[in-house]
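Remarks on the overall topology
Listed below, chain by chain, are the residues.
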Amino acid sequence: MLIGKVVGNVWATRKDESLNGLKFLIIQQIDYYLDKEFPTFVAIDTIGAGIGETVLVSKGSSARKIIGKSDVPIDASVIGIIDTIEVEKAFKER
Amino acid sequence: MLIGKVVGNVWATRKDESLNGLKFLIIQQIDYYLDKEFPTFVAIDTIGAGIGETVLVSKGSSARKIIGKSDVPIDASVIGIIDTIEVEKAFKER
Amino acid sequence: MLIGKVVGNVWATRKDESLNGLKFLIIQQIDYYLDKEFPTFVAIDTIGAGIGETVLVSKGSSARKIIGKSDVPIDASVIGIIDTIEVEKAFKER
Amino acid sequence: MLIGKVVGNVWATRKDESLNGLKFLIIQQIDYYLDKEFPTFVAIDTIGAGIGETVLVSKGSSARKIIGKSDVPIDASVIGIIDTIEVEKAFKER
Amino acid sequence: MLIGKVVGNVWATRKDESLNGLKFLIIQQIDYYLDKEFPTFVAIDTIGAGIGETVLVSKGSSARKIIGKSDVPIDASVIGIIDTIEVEKAFKER
């Protein structure tokens, strides 16, 4: 899974019917180890995440398991809203 | 999912039979956060997207769910034509 | 899917039995938008592509749908031999 | 699969119910051949790995096989805690 | 699929039970076209490949098809040991 920050929203009226009612968030992957800027991507959200929140995202076929509908054409889902992240900086200086 | 712009079309007469009648679009991923140029890829379109339109694309096994035929050898599909994108630029200056 | 050029062949006598009789092509991804050199990869071909031809390739689990045998360990397949590619250069100067 | 080092933990109270009780580790991919720093990612752990341990990680749909529940939205799992790694440095000077 | 060279071995006593008895090889992707050094990864081997051999590797869910056990958490498998590679250098100077 990836850690990301919710940075925006996307709306599409003309879309596959199975996507109706789903919320699409723009997310940027963030890394607490590597000082690097990652591309953004779009994920659906059924947990209730909002702009600025740090989320846990699952990609690929696993993303379809979040809503129990394995026949919906989505490849990224928010699976949790992160409370705490603990990272051991000591390992950076191997 | 990815946000992309439709930049072209591809035609292939000699192809797997299950692909007959499908429309193949060349799409370039675009990112409203990162000023970076991404490679293009090919996706099928059943929503009706045209050249120059901004689309939402699903990749991998999820792409096969768009047309309900899970036994078609495609790995990218247009799942929506985007109306509005809202991105919070404030997060760029972390 | 990806657009690629067939640049070679691979032979392996000692291999998984389910692969017997399959043709393995070395393919380099090409991009009509981005002047970048991509790595090569190997895909099976059941359409009849030859060296130098431009092909459409599907990757991941979708690649197994080309030959109807979903229990063959392949992750890339040629799904078509491309006749025509039309790309709108105008979008390059955004 | 990837070789990685466990560098942290993540907690998320608000998450998909099927994830309750699972442990989420932050892992950085390491490479004994290439002196390169890789991004981190999050994987579930059911084997008992701790901070600083070197682990074997499976990604994608295969990650869901670790816990026998193919309907859980995870895309990375620790599948083993590594005892020994043997790498032939001779091949570096091809 | 990818072409790779076997450069090492990995052992993990504490691992998912379904992995018992499987052999884990460290493999570096090689490219006969692009003079680039790729990261290594780990794949299972049921074909009998040894250190220094050039192999064909399948990744993702397809990797689980090699051993007929679709419920084993692996995402890369050696599917063949390569005898011959034929690459048309002429295409390099497009």
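This is a predicted model, so every value here is computed, not measured. (Residues numbered from 1 in each chain as written. Chains lettered and ligands numbered in written order. Predicted model: local features only at pLDDT ≥ 70, side-chain atom pairs only at ≥ 80, totals over all residues. Heavy atoms only, no water.)

1. Quick notes on the overall build of chain A
Along the backbone of chain A there are 0 helices and 7 strands. When the helices and strands of chain A are listed from N to C terminus, the series reads β-β-β-β-β-β-β. Structurally, chain A occupies a C-alpha span of about 50 × 25 × 20 Å along its principal axes. Across the 94 residues of chain A, 56% fall into the buried class. Contacts in chain A between residues far apart in sequence, at least 24 positions, make up 53% of those at least 6 positions apart. Of the roughly 3700 Å² of accessible surface on chain A, a fraction of 46% belongs to carbon and sulfur atoms. (Helix = DSSP H or I, 4+ residues; strand = E, 2+ residues; numbered from the N terminus. Buried < 20%, exposed > 50% of the residue type's maximum accessible area, 1.4 Å probe, protein only. Contact = heavy atoms within 4.5 Å. Areas by Shrake-Rupley, 256 points an atom, 1.4 Å probe, with all protein chains shown as cover.)

2. Topic: empty space enclosed by the protein
Inspection of the entire model under this criterion finds 4 cavities of 30 Å³ or more. The computed volume of the largest cavity comes to approximately 50 Å³. Put simply, the parts of the chain that give the lining of the largest cavity at least two residues each are β4 (40-45) of chain B together with β1 (2-11) of chain C. Counting residues per element, the lining of the largest cavity draws most heavily on β4 of chain B, which supplies 3 residues. Looking at side-chain class alone, the lining of the largest cavity contains 8 nonpolar, 2 polar and 1 charged residues. (1 Å grid on protein atoms, 1.4 Å probe; cavity = no way out; pocket = protein on both sides within 12 Å on 5 of 7 lines; lining within 4 Å. Points joined across faces, edges and corners; volume = space filled by probe spheres on them. Nonpolar A, V, L, I, M, F, W, Y, C, P; charged D, E, K, R; others polar.)

3. Describing the interface of chain E and chain D
Listed by partner, the interface residues are 37 residues for chain E and 30 residues for chain D. In this assembly, chain E packs against chain D so that about 2800 Å² is buried in total across both faces, 57% of it on carbon and sulfur atoms. There are 1 salt bridge connecting chain E and chain D. When the shortest N-O distance is used, the salt bridge between E53 of chain D and R14 of chain E registers 3.2 Å. Remark: the boundary between chain E and chain D carries 17 residue pairs in polar contact (both at pLDDT 80 or more). Listing elements by their share of the side of chain E that touches chain D, those giving two or more residues are β1 (2-11), β2 (14-15), β3 (23-29) and β4 (40-45) of chain E. It is β1 of chain E that contributes the most residues to the side of chain E that touches chain D, 7 residues altogether. Within the side of chain E that touches chain D, the residues separate by chemical class into 20 nonpolar, 9 polar and 8 charged. Pairing analysis gives 2 bridges linking strand β6 (residues 76-81) of chain D to β2 of chain E, with the strands arranged antiparallel. Of the residues in β2 of chain E, the one forming a bridge with G80 of chain D is K15 of chain E. (Buried area = accessible area lost by both parts, 1.4 Å probe. Salt bridge = Lys/Arg side-chain N within 4 Å of Asp/Glu carboxyl O. Polar contact = N/O pair within 3.5 Å; in protein donor to acceptor, adjacent residues only side chain to side chain. Pairing = 2+ DSSP bridges.)

4. Comments concerning the relation of the copies chain A and chain B
Of the transformation superimposing chain A on chain B, the axial component is 0.0 Å and the angular component is 72°, with the fit at an RMSD of 0.0 Å. Read as a symmetry element, the transformation amounts to a five-fold axis. Here only 5% of the interface residues in chain A have copies in chain B that are interface residues too; the copies meet through unlike faces. (Least-squares fit on C-alpha atoms with pLDDT ≥ 70 in both.)

5. Quick notes on the packing of aromatic side chains
Tallying each qualifying case throughout the model produces 0 aromatic pairs over all chains. Between K59 of chain A and the ring centre of F41 of chain A, over which it is positioned, the NZ or CZ distance is 4.0 Å. (Phe/Tyr/Trp six-rings, centres within 6.5 Å; stacked < 30°, edge-to-face > 60°. Lys NZ or Arg CZ within 6 Å of the ring centre and 35° of its normal.)

6. A short note on the relation of the copies chain E and chain D
Each copy of the chain is related to the other by a rotation around an axis and a translation along that axis. The two copies are related by a screw operation: chain E maps onto chain D through 72° of rotation and 0.0 Å of translation along the axis, at an RMSD of 0.0 Å. Comparing interface residues between copies, only 5% of those in chain E also lie at the interface in chain D; the contact surfaces differ.

7. Digging into the nonpolar core
Within the largest apolar cluster, 87 residues are counted, with the highest numbers of intra-cluster contacts made by F24 of chain B together with F24 of chain E. With residues near it in sequence (within four places) discarded, F24 of chain E still touches M1 and L56 of chain D together with G8, N9, V10, K15, L19, V42, A43 and I44 of chain E. (Core = buried A, V, L, I, M, F, W, Y, C linked by side-chain atoms within 4.5 Å.)

8. Quick look at the arrangement of the chains
Regarding chain A and chain E, the two do not touch, and the least distance separating their C-alpha atoms is 10 Å. With no contact formed, the shortest span from any C-alpha in chain B to any C-alpha in chain E equals 10 Å.

9. Remarks on the interface of chain A and chain B
The partner chain B presents 30 residues to the 37 residues of chain A that form the contact. For the pair chain A and chain B, the two sides together bury roughly 2800 Å², of which 57% comes from carbon and sulfur. Scanning the region where chain A abuts chain B turns up 1 salt bridge. Counting the contacts that link chain A with chain B gives 17 residue pairs in polar contact (both at pLDDT 80 or more). Contributing elements (two or more residues each) for the side of chain A that touches chain B: β1 (2-11), β2 (14-15), β3 (23-29) and β4 (40-45) of chain A. It is β1 of chain A that contributes the most residues to the side of chain A that touches chain B, 7 residues altogether. For the side of chain A that touches chain B, the class distribution of residues is 20 nonpolar, 9 polar and 8 charged. Sheet topology note: the β1 of chain A/strand β7 (residues 84-87) of chain B ladder contains 4 bridges and is antiparallel.

10. Quick notes on the environment of L22 of chain B
Looking at the element boundaries, L22 of chain B is found in the loop between β2 (14-15) and β3 (23-29). Counting along the chain gives 11 residues from L22 of chain B to W11 of chain B, while the straight-line C-alpha distance between them is 9.8 Å.

11. Some thoughts on a positive patch on the surface
Positive charge collects at one region of the surface, where K36 of chain A, K36 of chain B, K36 of chain C, K36 of chain D together with K36 of chain E lie side by side. Residue placement: K36 of chain E occurs in the loop between β3 and β4. (Patch = residues over 30% accessible without salt bridge, like charges linked within 9 Å, V, L, I, M, F, W, Y side chains within 5 Å. Lys, Arg positive; Asp, Glu negative; His and termini not counted. Charge placed at Lys NZ, Arg CZ, Asp CG, Glu CD.)

12. Considerations on the side chain of Q29 of chain D
Among the secondary structure elements, Q29 of chain D is positioned in strand β3 (residues 23-29). Leave out the neighbours within four places in its chain, and Q29 of chain D touches L2, I3, G4, F38, P39 and F41 of chain D together with P39 and T40 of chain E.

13. Considerations on the environment of I67 of chain D
Residue and element names in this part refer to chain D. Note that I67 resides in the loop between β5 (54-59) and β6. A relative accessible area of 22% places I67 in the partly exposed class. In the structure, I67 is positioned 21 residues away from T46 in sequence and 7.6 Å away in space, judged by C-alpha atoms. Excluding residues within four positions of it along the chain, I67 makes contact with L22, I44, T46, V72 and I74.

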